[in-house]
Structures are given as structure tokens and as C-alpha cells.
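Geometric and topological summary
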Amino acid sequence: MLFRTALRNVFAHKARLLLTAFAVVLGVTFVTGSLVFGDSLSRAAAARATDGFDRIAVDVAAEADPDAAPAATPPAGPPATTSPAPPTAPAGPPGIDAATVRVLAALPGVAGAAGRIDGFAAVADRSGRPLGDGPSHRGGNFAPGADGTDPAYRFTRGAGPARDDAIALDEATAAKGGYRVGDAVRVGTDQGAARYTVSGVFRTDGMRIPPGGSLTLFTGGTAQRLFLRPGLFQHVELTAASGADRQELLGRVEAVLPRGAGAVTGERLAQIRTGLATGDGDTRSQILLGFAAVAVFVATFLISNTFTMLVARRTRELALLRAVGASRRQVRRLLLAESLVLGVIASAVGLAAGTGAAVLLREFFAPADAPAGPLVLTPGTAVTALLVGTALPMVAGWLPIRRAMAVPPVAALGAAEAAAPARAGSLRTAAGVVLLVTGTAAVGYGATAAGKDARTVIGLGAVLALTGTLALIPLLSRPFVALLRPPLIRLQPVHGDLAARNTVRDPRRTGATAAALAIALTLASGLSVLGASATRYLDRATTHDLAADYLVKPAEGGLRMTPATAEPLKALPGAAVSPLNQSTGYRLAGTSAVLTGVDPATIGRLLRLDVVEGSLGRLAEGQIAVADFKAKQAGWHVGQVLPLQRRDDQHGSVTVGAVYRADEQSNLLPSITAPDALVARYDAAPFTAGILVATDGGPGPAALGLVTHALGDNPALAVLDRDAVRARDSGGIDDQLDVFHALLGMALAIAGLGVANTLAMSVLERRKEIGTLRALGLDRAGVARMIRLEALLLGGLGAALGTVMGVFLGWALGRTLQEHVVGYTTVLPWGRLALGVLVALAGALAASLGPARRAARVDIPAATAAQ
């Protein structure tokens, strides 16, 4: 009986509850989409990461010997373009020899043993650029058995490499590069670049190809020479005979392992890889759930506001139920049952919509190398979504229902409930002031003196300050409207005055509506401040000091550049070239130092070195140039002779010839710049961190081609222009911020629904008043203009409070970053902040169009005759 009555009441007021239901649908959609997206991404990543381990019974791996000499790396200059004759790799980490592989293959229960080697191998496209992303360029060996096949690789065209000048490519890489069997392909490894012939195209297990990467197969001998040492393998994959117990097989393997080798079952490897693979999906899902929580929180204000207005309009109806014998408890249960019915219906719709929304999230929020896979809707996700959707309207409607039950039936039958003004001396106001002051003080303390717990303190303070502000919005609405009322009256004497009066008629309703906008703008403004500050930091750290056209860097996970890598570039006509040769282990006048060797003749054209004392020309005289922050820290000055000592007991002295202005966060400007001849005197093999290149005609496709070709068309070397340098070092922060702002758009959309709902209900309540205004001469356009001005006042109040709070929190969080990120400064993005305010105002204005149109169409006789 109770739920039948509740269902009938919900459908009786369906027009008034429509926007409330839509808000619940959006909140549940966001929650469901986040959970489905995270589960789907994690499931697909785990499936790819573990694909193939079921075939491996035991994996035997060589452990690195800490006493082994590190492998030297030959110069990365341009190699020959004919068939390769790969050099023998020098001493390096030990491996598993062929004799051990034969012993393992002969163990009882072993069906096969395949020795594996892998390392860095980048495949070039037709223009010489690497195919694949980041550290995902891998190479391995083709290990055929007695039948000439390797069970790990299934060839769709051609066959595995049988000659040292042949390779096989994975299917995706071959498709990206447009390569077919018989084509010549350039491949770069730690040993340089060489041209190979494609012998086959294959498919393989997901665990063998890095996400978004490439896999190149060489013959066993070639792979050993390129990646390890002739005759050795990094690990051995053992397959089990039919019926063999894998744990027993592991015991037999461990009994014959040589020193420095270890064994683990394929099942255990799959478990380890699953944990590593699902981390990214879990993190992204948690981020989305954070934004979903914001959307749900914003929806709470909309629903609470709706129930407040709805219960107020049903005051007489509820009082009549009380008068005919219904108890307060029964009426309360009826209203909560209506909330429950609304929540169940909206949750079911939101659950279905959220599953579809996960497809969009995977399209725009998943990493570019995310694996494909089916959507995963778990029972836990469904239960969580339904609980959120049903609890949301019940929790949000509790206070309005409780307040309605406090009205005596006789008073309720006599008149409608009056608006509850926000009184300065009320308990709500006092609590709001205490929370706001306490939260603001906590945020300020966390930003200036909280140490390692700063962000926790700021987070707690932000919650308190935000809660206090929301509690005070009804009180703040009056001075805010009073401030804007004079200009409104000057612009629109009648409509502006009416809009201002109507806005403060019910401060609590105004406050609840503006609070939703304030929350969304607080987060958006805070993100804008942090994003602009991070962008400024990255600009100064990456490209601010770069005057060169190009910066040559090794591909991630690739070869180690040496000074010889830059030599071919110096032959380009009109080009200015300088390597950045870093050499460590120095003490200058007792201060630890890293010297960066450069070409004194060209460095002034390649880097923006703002000399504040001395001259860069003294680099050519064998002197050094020092960054101002380093000179200040060490107490050095131009002309000072510094005793030099290197860790290998080399001694000498250097003279400070110049001091230049530099930010400590710069990735390009060295703290100590030295002529390359000086560095070469003390270090025969410095590490080349990058190569600066300025071409004769400036950057462009032709210049890029010349530089790439001079480097031997080596895909293991990346030639980066200014945009590519910033993109490589920024980690895609701009794209992430765009995604976050888009996600906050959901909260802003729900806040807009709140504005529309408030105005719609207000129009229903004021039908008689609007009819009277029409009868007194206010035309339809004037009524619509009045409603739109009310919406702009609501939007302006929320936007103003949200922007101020967001800037404050962005500054506070930025202060905590300054301790760990030297050179980070807070930047106020006035343009973005203004855009946020304009978007909020535009959203409020758009939300008012429907209510304004309905208000303008109010029938005058019917409205004025209404009781």
C-alpha cells in the first residue's frame, strides 16, 4: 500500500521530478561508467600481460652479477647501409649458456626448452622515424625447434629469420610501416643502425609485445651479439610434457641450476604481471570515481532543493493526511518511499547509460596503447551503482522532509510554508563561520608550515572551508545581490529590480542552487591555477632556454650517445652543432660538480645564455661558465681560479670566465658549462645527454630530413623540434588537464540542471504573481528577461565564490610543490578563470530558457484567479 501510494505520487509529480531524476541518472552514469571503464581496462591489460604464460611451465632467468663489468657502448654514428655485420658485444651481465639449456631440455617432464634474448630494437618507418612509442621498441630471437617452428610465434606471412641480415616483424608494426616480406627495413639497436630484409610477419602472445610497441625477431646468433654475448641466453622457457606436474618440474629445474640463475613457474609470472598491468586501470578508475563523487555531491544540492520546494507546495496535502489520522512517521515514510521509487527508476536508467558511457571513457580517457577488450560489468559495480542511485535522493530529501514534518497540521492547512530566511544569528550561520575560519586557517598553515603532512592538512582544511562557505551562501547571497542591484537597475530598471528581489526572497533555495555551481567552479579554478603553473614550469624547464632548431636525444630505453654521435652533424652545410657531454665526479674548490662540455664556437647560437658577468667567449680560452644559482651557492665569481679534483685522483684547476642567469629547473642549461676539450682532458667517455642542432635555413621538413639522414637514419635516435621537446618532457599534462576539465563539465551540467529546476519550481510557485505582473503591463518579453536575470544572479554568485575558493586552494597546493619542485611558482591564468565564469553564466542562462518561456506563457486570467 505504501509503495503503491508513493509510486502514484511520483508519477503525479513527474514533471517536477524529471530534472531531479535526470540528475540522479547523471550521477549514477558517472559512477557506473568509471567502474566499468576501470574493470574493463584492468581485465584487458591483465589478459594481454599474461597471454602466453599458460604455455610456459617454468622460466629460468640469469640474474645480473654485481661484480661483472658493465658493457661498453660503441659510438652511435651512422652505420653502413649494407647487410649488417654486428659487432661482438663486450663483457656484460652473465647469461645461461647452451650447455645449461641442453641439461634443462633433458630433464624428465620437459617437452621443450627455448633460450630467449631480448633488448632494445627500434624499427624505422619510411621516413626514418621509429615505429612505436616510448621504451616499447623491443627485439628478440627466433628460436626454432626441430620442426623449424617457434611455438611462441605464429607467422601469417613468410617465415622466421634464417640469415643474419634477415628479421621478422610483428603484424601491427608491419602494418604501421607498410612493410611486406622482402622489404628492406632499417633497425636501430644499442650497437647502431643497420638495414635488414623482412623474412616474415607474425602474431604472438600479448605478453611479448610492450603496449603500443614493436617486436623485431633476429636469428639467435644476431640477437646474442646485439643484446648479450655470443653463446648466452638471458632466460629459458620450458614447456611441460603432457601430464607433468609443474611444481615437481620446478623442483627438478632448481636442482640443476647453475650459480646466478633462478626459476619460477609460468603461473607465478602471470600473477606478477597481472599486478603490474592492472595498476594503470585502477589509478584511472580512481580518478574518475573522484570526479563522479563530485558530480554526486553536486546532485545532492539539486535534489535537496527540489524536495524542499516540492514538499512546500504539498504542505496542505501532507497536513490533510495528518488531520485524517496519519502519523508523522507514516507521512515521513511515504515521502522517503517516493524518494526510493525515484532513486530505483533513475538508478536503473543510469546503470544502463553508464555502461554505454564506459565506451566513451575508453575512447577519450584510456591511454593510447590500451588493449582492446569487452566491457566488464561486475555484480559489484551494479550493486554499487544501484545503492548510490537509491540512497542519493533519500539522503538529499531527508532534511526537507524532516522540516516539513515539524509544521503543525493546523498551521499547514491555513497557509503555505513561508521562506526561511538566513538569519545572522542562526546556528547554521555560526557553524558556517567557525568552519570557514578553521578551514581557511588550516589551508594557510598547510601551505606555509605543515611540512610532509602539508597536503593532508590542506585537504582537510579545504573540506572545512568549502562546507563553511556552503553553509554561509544563503547569508552571502544578500550582500552579493545588493552589490549588483544598482548596475542591474541602471541597465534594466524594472526587470533588474524584480530579479534582485526574487533572488533573495528565499536565501536557502538560492544558496543551495548557487552551491552546486560553486563546487564545480572551485575544482575547475583550482585545476586551472595548478595547470597554468605547471605549464609555466614545464616551459621554463624544457624549451625556454632552447635556441637551437633541434635537440637530438636517444629513444627512450635506447642507446647511450657519445660525443662521436654528433660528428656527422658537423658536416651539414651552415649548421651549428654542440653535444651536451656530461661528466661527473668532480670537486671544484671542495664543491661537488658536474661539468657539461659544449662546443665554445656554437653554444651561444644554440642556447639562450643570459650572461650577467664575464663573457662566453672565454669558453674558447679553456675557462668555464657557471649558472648564477651555482655561483651564489658556492661563492664563486668571475676570474676566480678553482682547484679541480676528479674521483680518479686527477687534479688541475679551472677559471670562472662567465656567470649566466639560469633557473634550477631548466632541463637544458647546465649548472657548469665547460669547453668540450676541457671535459675530454679528464673524461674519455662522457655521457652525451643531447645534441643541439641549428640548421642553415631553420626548422622544416627538409632540415629535419637532413639531420635524420646525417645520423644514419637511425630510429634509435629521436630528432626533436621545440614542440616535440616539450611534449616529450611534459608527460601530456595539457591533454590530462583538458580531460579533467571535461569531466568537471559533468558536475557543471548537473549544477545547470539545478538552476533550471529551481527556476522552474519558482515559476510554478509564482504563477499568480507573474499573472499579476502581466495584468499590470509587463509583457511576455519582460517576464522572460526577469527570469533570465535571476539565473544570471544565481550563476554569478556560484561562479564568484567558486573562483575565489579555487584560486586559494590552487595557490595552497602549489606552495607544497615548491618544496619538491625547484622553480615552481603560482601563476594566475586570468583568461581561463574568466572563461570559467563565463561558462558558468552561460550555463545558468541556458538553464533559464525553459523556465523563462513557461513564465512568459502564463495565462493571465487563470493565474490571477488561482488561490
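Residues numbered from 1 in each chain as written. Predicted model: local features only at pLDDT ≥ 70, side-chain atom pairs only at ≥ 80, totals over all residues. Heavy atoms only, no water.

1. Description of the packing of aromatic side chains
Put simply, the rule is: Each Phe, Tyr or Trp ring, with Trp reduced to its six-membered ring, pairs with another whose centre is within 6.5 Å; inter-plane angles below 30 degrees give stacked pairs, above 60 give edge-to-face pairs, and intermediate values give tilted ones. Every helix listed is a DSSP run of H or I at least four residues long, and every strand listed is a run of E at least two residues long, numbered separately from the N terminus. Definition used: whenever NZ (Lys) or CZ (Arg) falls within 6 Å of the ring centre and also within 35 degrees of the ring normal, the charge is taken to sit over that ring.
This model, assessed by the stated rule, comprises seven aromatic pairs. Ring plane angle 75° and centroid distance 5.5 Å describe the contact between Tyr196 and Phe218, whose orientation is recorded as edge-to-face. One end of the pair, Tyr196, is in strand S9 (residues 192-204); the other, Phe218, is in strand S10 (residues 214-218), and 22 residues separate them in sequence. Ring pairing ties together the aromatic residues Phe142, Tyr153, Phe155 and Phe202, which thus form one cluster. If you follow Arg208 out to its NZ or CZ, it ends over the ring of Tyr153, 5.8 Å from the centre. Directly above the ring of Tyr586 sits Arg646, whose terminal nitrogen or CZ lies 5.2 Å from the centroid.

2. Some points on the sheet that holds strand S1 (residues 58-62)
Using the following cut-off: For two strands to pair, DSSP has to find at least two bridges joining them. Think of each axis as a best-fit line through the C-alpha atoms, taken over the contacting stretch in the case of a helix, with angles from 0 to 180 degrees between the N-to-C directions. Pairs of residues are marked as contacts when any of their non-hydrogen atoms sit within 4.5 Å.
A sheet is described by the order of its strands in space; here four strands give the open sequence S3-S12-S1-S13, paired in antiparallel fashion. Pairing within the sheet leaves two strands with one partner each, and these edge strands are strand S3 (110-116) and strand S13 (261-265). Taken pair by pair, the neighbouring strands of this sheet meet at an average axis angle of 20°, ignoring direction. The sheet contact formed by S1 and strand S12 (residues 235-240) spans four bridges and is antiparallel. By the bridge assignment for S12, Val58 is matched with Leu238. Contacts from helix H3 (residues 98-105) reach S1, S3 and S12 within the one sheet, and its direction differs from that of S3 by about 160°. Packed onto the sheet, helix H6 (residues 246-256) meets S1, S3, S12 and S13 and runs at close to 175° relative to S13.

3. Re the confidence of the model for the protein
Selection criterion: Confidence of the predictor at the level of single residues is given by pLDDT, which spans 0 to 100.
With 85% of its residues at a pLDDT of at least 70, the protein reaches an overall mean of 81. Counted against residues more than four places away or in other chains, residues 64-93, with its pLDDT under 50, gives 55 contacts. Confidence drops under a pLDDT of 50 for residues 415-425, and excluding neighbours within four residues, the segment shows 17 contacts in the predicted structure.

4. Looking at the pairing of strand S7 (residues 166-170)
Basically, it comes down to this: Burial here depends on accessible area, computed with a 1.4 Å probe over protein chains only, as a share of the maximum for the residue type. Under 20% is buried, over 50% is exposed, and the range in between is partly exposed.
Burial of S7 is extensive: five of the five residues sit out of reach of the surface. Burial along S7 is two-sided: Ala166, Ala168 and Asp170 facing one way and Ile167 and Leu169 facing the other are all buried. Two strands pair when backbone bridges link them, and S7 and S9 are joined in this way by five bridges, in the parallel orientation. Paired with Leu169 across the two strands is Val201, which belongs to S9. When S7 meets S10, the two strands line up antiparallel, connected through two bridges. Counted as the bridge partner of Ala168 is Leu217 from S10.

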